[in-house]
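Geometric and topological summary
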Amino acid sequence: MNDESYWFRPPPRSRELPMAPVRDEPPPVEITIDGRALHASPNATILEVCRRIGIDTPTLCYLENLTPVNVCRVCVVEVVGSRTLVPACSRRVEGGMVILTDSPRVRLSRKMVLEFLGSSVDLSTAPQARGYLARYEASPTRYGSPAPPASANERDQREPGHHRAPSGETSETVAQPTKVDNDLYIRDYSKCILCYKCVEACGTDAQNTFAIAVAGRGFDARISTELNVPLPDSACVYCGNCIGVCPTGALMFKSEHDMRKAGTWNEPAQTQTDTICSYCGVGCTLTLHVQDNTIVKVTSPMDVSVTHGHLCIKGRFGFEHVQNRQDEPK
Amino acid sequence: MDLRIAGPDPTPDERAAVDSILGQAVSAWAGGTRDLDTESHSAHVGGHEARSRRELLLPALHAVQDRFGWVPPSAMNYICRRLLVPPAEAHGVATFYHLFSLTPRPPAVMHVCDDIACRVSGAEGVCRELANTTTAWQRSPCLGQCERAPAWLVIASGDTPRAKEATSLDALLRSTPQSGTPGLRLIQRIGQVDPESLTAYQATRGYEALRKAVVLGAEAVIREVTVSKLMGRGGAAFPTGRKWDAVAKAPVHPHYLVCNADESEPGTFKDRIVMEGDPFALVEGMTIAGFATGSEKGYLYIRGEYPLAAMRMQTAIDAARAAGLLGANVMGAGFAFDIEIRRGAGAYICGEETALFNSIEGKRGEPRNKPPFPVQSGLFGKPTAINNVETLVNVPLIVREGGEAFAGIGTSGSTGPKLFCVSGHVERPGLYELPFGPTLRDVIALAGGVRGGKPIRAILLGGAAGVFVGPDKLDMPLTFEGTRAAGATLGSGVVMVFDESVDLADILGRIAEFFRDESCGQCVPCRVGTVRQEELLQRLRAGAPIGSYKDEIALFKEIAQVMRDASICGLGQTAANAIESALITLDPVPRNGSRS
Amino acid sequence: MGGGTNSYSEIENTEVILLWGSNARETHPIFFHHLLKGVHNGAKLYTIDPRRTSSARWADSWLGLDIGSDIALANAVGREIIAAGLHHQEFIEHATTGFEEYARVVESYTLEYAERETGVPANVIREMAYTYATAKTGMICWTLGITEHHNAVDNVLSLINLALLTGKVGRYACGLNPLRGQNNVQGGGDMGALPDRLPGFQHVEVDEYRHKFEAKWGATIPPKRGKNLTQMFEAMATKELRALYVIGENPLQSEADQNHARHLLEDLDFMIVQDIFLTRTAELAHVVLPAAAAWCESEGTVTNSERRVQRVRKAMEPPKGARDDISILFELAKRMGRDWGTPNSEAIWDELRALSPVHAGMSYARLEAAKGLQWPCYDETHPGELFLHSRLWEQPLTGPRVAFNPVEHDPPVERLTPEYPFRLTTGRRLSEYNTGVQTAGYDSPLRRPETLDLAPEDAERLGVREGELVRVSSRRGTVDVAVRVDDCLRPGMTFMTLHFQDDVATNVLTIDATDPKSGTAEFKAAAVRVERL
């Protein structure tokens, strides 16, 4: 340390604040949404503009921290002059666009998408989707009684290009037994709407582990490890980021799954507290879901720049050391 | 990448099959053997370069499938190691395409087409016969051989995998009844000129157009194509000149040219016959397109069920390359262009242009949302001109004769010659060329009229994604504008005729089954809508509607509308068209609620 | 001030990343998410690590240097950059001192020399040097692979020199970033838990600072620096230090040369351990003070590796009898005759803000609203600094120049001998943490017991198979452990973790040769012998 003063005293303040380089922002364009003329950046999606002006647009496969895949199609809106409806989540606004978010075409498509999901997927742990169903007066029961569930792993073995001809007596669903193959989380693909979020979180949008992908085709498409091997034989590193983004409860902490089964899951009685993970020095925000002084689930807020909602196995599941309290009198 | 690849190591044969595509493994970290001399203290696999070879995933899977008749896990693992593809993703890709099997299959499998045209020509009989033999066989969607229905394709694995298909000029002659007739512009060589001879091609005005194009220059070529008013022949009818112009002017490089030869629309077989019968014409058309759009690389994506077409095209490409007509300096004219063939692996959806890009890139053939359009962001995210085979074989004609002359052929809204795939209950099913303009009646007459002179029950125009029309529409001109005015579609040029013997409900059932099978499964309207559509049809056919027949039709219309309005791509958007058109106008199922 | 110069977001937008002595993929997984965003955005990734770790598997180029040859490599990179004229002359002249001396010192670090000392091929070193030097932006990140050596500070300096040489500091997406191993290592330093610092990095030997604190605290502060951990152990050995108060540490198991550490701790006159667990260290204590878990049973702040101060909050009640750390300290003060009032984390924080200029702007309200702020944050309108040292680019220069600190290569203290022919290095795994006291609490499906990881060639030569028990001995101790064959290792290298000290006390093997400047032990380089049982 050949400069004593430098070592002993903090350096002086810089005169200017260090900043990220500013990107050129294109000039705003004029658009019309539901009769309202307004200006918006052409970098903005229709969904972003809708949210900004308070138009509540339903979304299922969209999440701020993931690349839009625009597959659920529940966010579709009508752009006047466009042959088809467009997904609000990924379509960027263009000058002169006239957008209708609640036209009969929009309402019909949203209702039908929700009926399709409601009639083929168990939405019992998807309160948000159930809310949309009510809002759009979707009637999933009008497709007939659901077909009996598939046996374990049967759907995972279906080959593309062939399917058993339907009888017409029942309507097909994705119902199947829950996959329980480890102590940390379960996969109940009866509840899977195939929104791709888990694949994205496991892939380039966050974890980059690629333990799961969409396999198969058409209605038989499903989330799968390679050759449908159990998670412990897969590349899974149990970060649980797939659970964090799952909109329907298909992926769930095993603790939550077990408590729900036992009837002890009591969400209204739970508190959620943000704190910082106690492990490495990255400083990830953990939201601790606590019921009866016990951590029952850990999530991370999406709007935190450190995590963007994503955690690792230690942050997500490594909390048991504060509640292994066998010695404590209850 | 820190892949976790568990499971068995490849056998030497599996390694050899994969290495035949990928070359020898150079690193222990990518499937090679450990060499402490070179890699004890440094390694260079895992980064961008190593991860950029994903596009070789399908070729590698093909190599294994061809060799062993299926893709064993050990071979799959080796491919994953070589290409740094996560096993779960490779599994996702392999299970997307029905020509790849992850379970052992017999060394030869007969794929029997039971799709629409074959269905009305005795496919079920073939299946019944096979059921009593030891032959390994499975049903297949349209094999693109409707002119010789009932059709099948034997795919055999082994050291030199081959597909058994008719290969002689005679076969081409049978498929193109007009062959040898003067005045043909697109198919004049088919059945007449040796498709494997570059000399023979050149002797019949081949490569005249490319020579002229080079003299004209790229901009002038695009001008000619624009003036010609050539519209895409794949079904969407987009002006080719505009597409090329956008790519040529795109500031981002490289540019790509892609030829869509994933002809899978039931009832369509024109591109197959063109590639089998006049492959050099496509090579020349692609070369001109590459020159005009500033693309140095062209991909030719041929559906997996067209092994003979792929072979012929490869022969032609190799010959052209050897003659300096492809390569780093084409014709010595100072531009580079080459063509690589990519084989599809059994997925109708890959005919959708963005799904096709994903397939070339080694991914599942899931369509992308548009915009961005391919001319801005296509293959590998670069500006891409993608054209159908028929579109591209029109190009030498345009350049040779001039755009204006071409525009003088046909009608003002539909210029040039057009290929029609006529099949079903006609006397001479086959590929026909006519200048745009004739009516539906004319085209059926050209094919010898309805077999046995029976009355027509229905005609399917444009394939499974097209529409049914009744005999009342026979005077509709088969032009873009004529079909549009009649609420129909020209689509890919399919004219499939059904006489009164047809069980139309059964045909509709097959179409519903087809879309249910071929939906990629990505978006909800199509993934579930195609299932609900098929179930609804089954209920109607069984005479067991939920509520009344009218209720079911109302429900059907809603299903059709959400698919049309909210699906990502053309498959879902058109999956209800044919069925809806038949339900509304042709009364295919009894309305009284009981089975007829 | 010691802290990572950049924000995590910057690595998403940099052109070149040198990840040096860090397996962030497993030890800092969420930082690695940011890093991979950068990679996906096109950044070229170099990993410099003796093992081809899971992090290294993402690299465009892995430089698998021999253990403890980091300075030889860094100096060779510096020499190459200078020789090729790729150093940032303008920045060097504007903002640094000592360049000539640096150039003179690195002159002898030719590529040939570096290849000999590090094992990394010369062309690979040169390629990295050129890429780093010519890129517009580049970041160097490191972890314990740099600092758990007997010459830890020199290792760090050798990396700082590279950033100075190429002007890759003080600008967006350029900088030097130590990834902190524990959730509040940075915060501990911020708060003055360093032997020579008061909170806010104010040196205890500067009268002005000390007087400020004395005035506020009403107490006298010894005007000279204290002992670092290593010096404390040395002082125990000389019996100068006779009592120890351990808060939230498990030195018995985390210190190198465990047998020696145990002896010293047992020999103390008095030891208090304050912890949430009854650790092995606590078992030796005279008094154990059960504490609440800082991260979920009490209120306060921690600072992360991007200098972001964030709130920890009480989400649940601690077990009966456990109290949070400040309550214990307040109670202790009271027993010692000082009543500090009612413990309140925000009040303590506000006192800190009044004394530490770099934290002055960080009120609890702002920390809450902004979800954490990065120091320096001088007042309540200051947003906190995205990256440090931007002053170095200001015209004219703000503040003093920064110095090149030339350093020389000095291989690991413990040489390999025929008797101890293997190099043992240590590290961590994804689902475990340090001595395992916390992570033992949950059932990780990834968990596997401690192993001695061996190169395939060594396993074959020793005639041992995966899973077979072997005896590993260093000059300090012996453990028996199962073998795992790991192709990420080359012959001569072995690897163990420190997660399962109760089962396999890795730290009886490690050496307590320590860096005189930082007090860190050379956990990364012991010499061992491996024998079949």
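The structure presented is a predicted model; accordingly, all values stated were derived computationally and were not measured.

**Notes on the overall build of chain A**
Broken down by element type, chain A carries 8 helices and 12 strands. Once the C-alpha set of chain A is aligned to its principal axes, its extents read approximately 85 × 65 × 40 Å. Taking contacts inside chain A between residues at least 6 apart in sequence as the whole, the part at least 24 apart equals 56%. With the model as given, the accessible surface of chain A reaches about 13,300 Å², and the carbon-plus-sulfur share is 52%. Counting 35 positive and 38 negative side-chain charges, chain A places the centres of these two groups 3 Å from one another.

**As for the overall build of chain C**
In terms of helices and strands, chain C carries 20 helices and 21 strands. In terms of C-alpha radius of gyration, chain C reaches 24 Å, essentially the compact-globule figure of 24 Å for 533 residues. Along the three orthogonal principal directions, the C-alpha set of chain C runs to about 65 × 65 × 45 Å. Every one of the 533 residues in chain C was classed for burial, and the buried ones make up 63%.

**Brief notes about the interface of chain C and chain A**
Chain C puts 91 residues into the contact, and the matching count from chain A is 75 residues. In this assembly, chain C packs against chain A so that about 6,400 Å² is buried in total across both faces, 61% of it on carbon and sulfur atoms. Along the contact surface separating chain C from chain A lie 1 salt bridge. Put simply, chain C and chain A have 30 residue pairs in polar contact (both at pLDDT 80 or more) between them. Sorting the residues of the side of chain C that touches chain A by element identifies α2 (24-27), α3 (29-40), α10 (152-165), α12 (207-217), β13 (308-312) and β15 (402-403) of chain C as the ones contributing at least two each. The element that contributes the greatest number of residues to the side of chain C that touches chain A is α3(C), accounting for 8 residues. Of the residues contributing to the side of chain C that touches chain A, the split by class is 40 nonpolar, 25 polar and 26 charged.

**Some thoughts on the sheet that holds strand β8 (residues 338-343) of chain B**
The strands making up a sheet associate through backbone hydrogen bonding, with each pair oriented either parallel or antiparallel. Residues and elements named next belong to chain B. With parallel pairing, the 4 strands of this open sheet are ordered in space as β8-β7-β6-β9. The open sheet has two edge strands with one neighbour each: β8 and β9 (384-388). Put simply, the sheet's adjacent strands are angled 20° from each other on average, direction ignored. Pairing of strand β6 (residues 255-261) with strand β7 (residues 295-302), which is carried by 7 bridges, proceeds in the parallel orientation. Paired with Cys 259 across the bridge in β7 is Leu 300.

**Examining the interface of chain C and chain B**
In many analyses, interface size is given as the accessible surface area lost on bringing the parts together. If you look at the interface, chain C gives 30 residues, while chain B gives 17 residues. With a shortest N-O distance of 2.6 Å, Asp2(B) and Arg25(C) are connected by a salt bridge. Counting residues per element, the side of chain C that touches chain B draws most heavily on strand β3 (residues 61-63) of chain C, at 3 residues. Classifying every residue of the side of chain C that touches chain B by side-chain character gives 15 nonpolar, 6 polar and 9 charged.

**Examining the packing of helix α13 (residues 240-249) of chain B against helix α15 (residues 279-293) of chain B**
All names here are of chain B. Packing of α13 against α15 brings their axes to within 8 Å, and their N-to-C directions diverge by 50°. Classified by the interaxial angle, the pair formed by α13 and α15 is oblique. Contacts between α13 and α15 pair Trp 244, Val 247 and Ala 248 from the former with Ala 289, Ala 292 and Thr 293 from the latter. Residue classes in the contact of α13 with α15 are distributed as 5 nonpolar, 1 polar and no charged.

**Examining unusual backbone geometry**
The linkage connecting Pro371(B) with the following residue, Pro372(B), adopts the cis geometry, with an omega of 0°. Relative to the helices and strands, Pro372(B) resides in the loop between α17 (353-360) and β9. Cis rather than trans, the peptide bond between Trp375(C) and Pro376(C) has omega equal to 0°. Counting through the fold element by element, Pro376(C) comes out in the loop between β14 (373-374) and β15. The phi torsion at Asp292(A) lies on the positive side, around 50°, for a residue other than glycine.

**Looking at the pattern of salt bridges**
Evaluated as defined, the whole model comprises 105 salt bridges over all chains. Several salt bridges share partner residues, and in doing so they unite Asp114(B), Asp115(B), Arg119(B), Glu124(B), Arg139(B), Asp506(B), Arg510(B), Glu513(B) and Arg541(B) into one network.

**Regarding the domain arrangement of chain C**
Residues and elements named next belong to chain C. Here chain C is described as being made up of domain 1 (8-179), domain 2 (185-374) and domain 3 (422-532). With centres defined by C-alpha atoms, the gap from domain 1 to domain 3 works out at 27 Å. Taken together, the contact between domain 1 and domain 3 spans 25 residues of the former and 24 residues of the latter. Each partner contributes to the roughly 1,900 Å² buried at the junction of domain 1 and domain 3, and carbon and sulfur atoms together form 54% of this total. Of all residues in domain 1, the largest losses of buried area upon contact with domain 3 belong to Arg 51, Ile 67 and Glu 148, amounting jointly to 35% of the total for that side. At the junction of domain 1 with domain 3, the criterion picks out 4 salt bridges.

**Quick look at the sheet that holds strand β11 (residues 287-290) of chain C**
Residue and element names in this part refer to chain C. The parallel open sheet is built from 3 strands, whose spatial order is β9-β10-β11. Either end of the sheet is taken by a strand with one partner, and the two such strands are β9 (243-247) and β11. Each adjacent strand pair in this sheet contributes to an overall mean axis angle of 10°, direction not counted. By the bridge criterion, 5 bridges tie β9 to strand β10 (residues 270-275) in an arrangement that is parallel. Among the inter-strand pairings, Leu 244 is bridged to a residue of β10, identified as Met 271.

**With respect to the domain arrangement of chain A**
Residue and element names in this part refer to chain A. When the domains of chain A are assigned, the result is domain 1 (26-146) and domain 2 (172-322). Distance between the C-alpha centres of domain 1 and domain 2: 26 Å. Every contact between the two is made by 20 residues of domain 1 and, on the other side, 25 residues of domain 2. Taking both partners together, domain 1 and domain 2 bury about 1,800 Å²; carbon and sulfur atoms supply 64% of that area. Ranking the residues of domain 1 by area buried against domain 2 places Asn 65, Leu 66 and Thr 125 at the top, with a combined share of 31%. At the surface where domain 1 touches domain 2, the tally comes to 0 salt bridges. Taken together, the connections running from domain 1 to domain 2 amount to 9 residue pairs in polar contact (both at pLDDT 80 or more). A class-by-class count of the residues in the side of domain 1 that touches domain 2 yields 12 nonpolar, 6 polar and 2 charged.

**Section: the packing of aromatic side chains**
Centre-to-centre distance and the angle between the planes together describe a pair of aromatic rings. Per the counting criterion, the structure on display carries 26 aromatic pairs over all chains. Aromatic pair Tyr348(B) and Phe514(B): ring centres 4.7 Å apart, planes at 70°, arrangement edge-to-face. Here the residue Tyr348(B) occupies a position in the loop between β8 and α17, and Phe514(B) occupies one in helix α22 (residues 504-518), the gap between them amounting to 166 residues. Summarising the aromatic geometry, the rings of Phe201(C) and Trp375(C) are spaced 5.1 Å apart at their centres and angled 55° between planes, so their arrangement reads as tilted. Within this pair, whereas Phe201(C) is found in the loop between β7 (197-198) and β8 (202-203), its partner Trp375(C) is found in the loop between β14 and β15, the two being separated by 174 residues in sequence. Trp375(C) matches Phe201(C) in its accessibility class, with the two residues each being buried. Looking at Arg447(C), its charged tip hangs above the ring of Tyr442(C), at a distance of 5.2 Å from the centre.

Here is what the cut-offs are and how they apply
Residues numbered from 1 in each chain as written. Chains lettered and ligands numbered in written order. Predicted model: local features only at pLDDT ≥ 70, side-chain atom pairs only at ≥ 80, totals over all residues. Heavy atoms only, no water. Helix = DSSP H or I, 4+ residues; strand = E, 2+ residues; numbered from the N terminus. Contact = heavy atoms within 4.5 Å. Areas by Shrake-Rupley, 256 points an atom, 1.4 Å probe, with all protein chains shown as cover. Lys, Arg positive; Asp, Glu negative; His and termini not counted. Charge placed at Lys NZ, Arg CZ, Asp CG, Glu CD. Rg over C-alpha atoms; globule rule 2.2 N^0.38 Å. Buried < 20%, exposed > 50% of the residue type's maximum accessible area, 1.4 Å probe, protein only. Buried area = accessible area lost by both parts, 1.4 Å probe. Salt bridge = Lys/Arg side-chain N within 4 Å of Asp/Glu carboxyl O. Polar contact = N/O pair within 3.5 Å; in protein donor to acceptor, adjacent residues only side chain to side chain. Nonpolar A, V, L, I, M, F, W, Y, C, P; charged D, E, K, R; others polar. Pairing = 2+ DSSP bridges. Axes fitted to C-alpha atoms, helices over the stretch in contact; angles between N-to-C directions. Parallel < 35°, antiparallel > 145°, perpendicular 65-115°, else oblique. Domains from an automatic or database assignment. Phe/Tyr/Trp six-rings, centres within 6.5 Å; stacked < 30°, edge-to-face > 60°. Lys NZ or Arg CZ within 6 Å of the ring centre and 35° of its normal.

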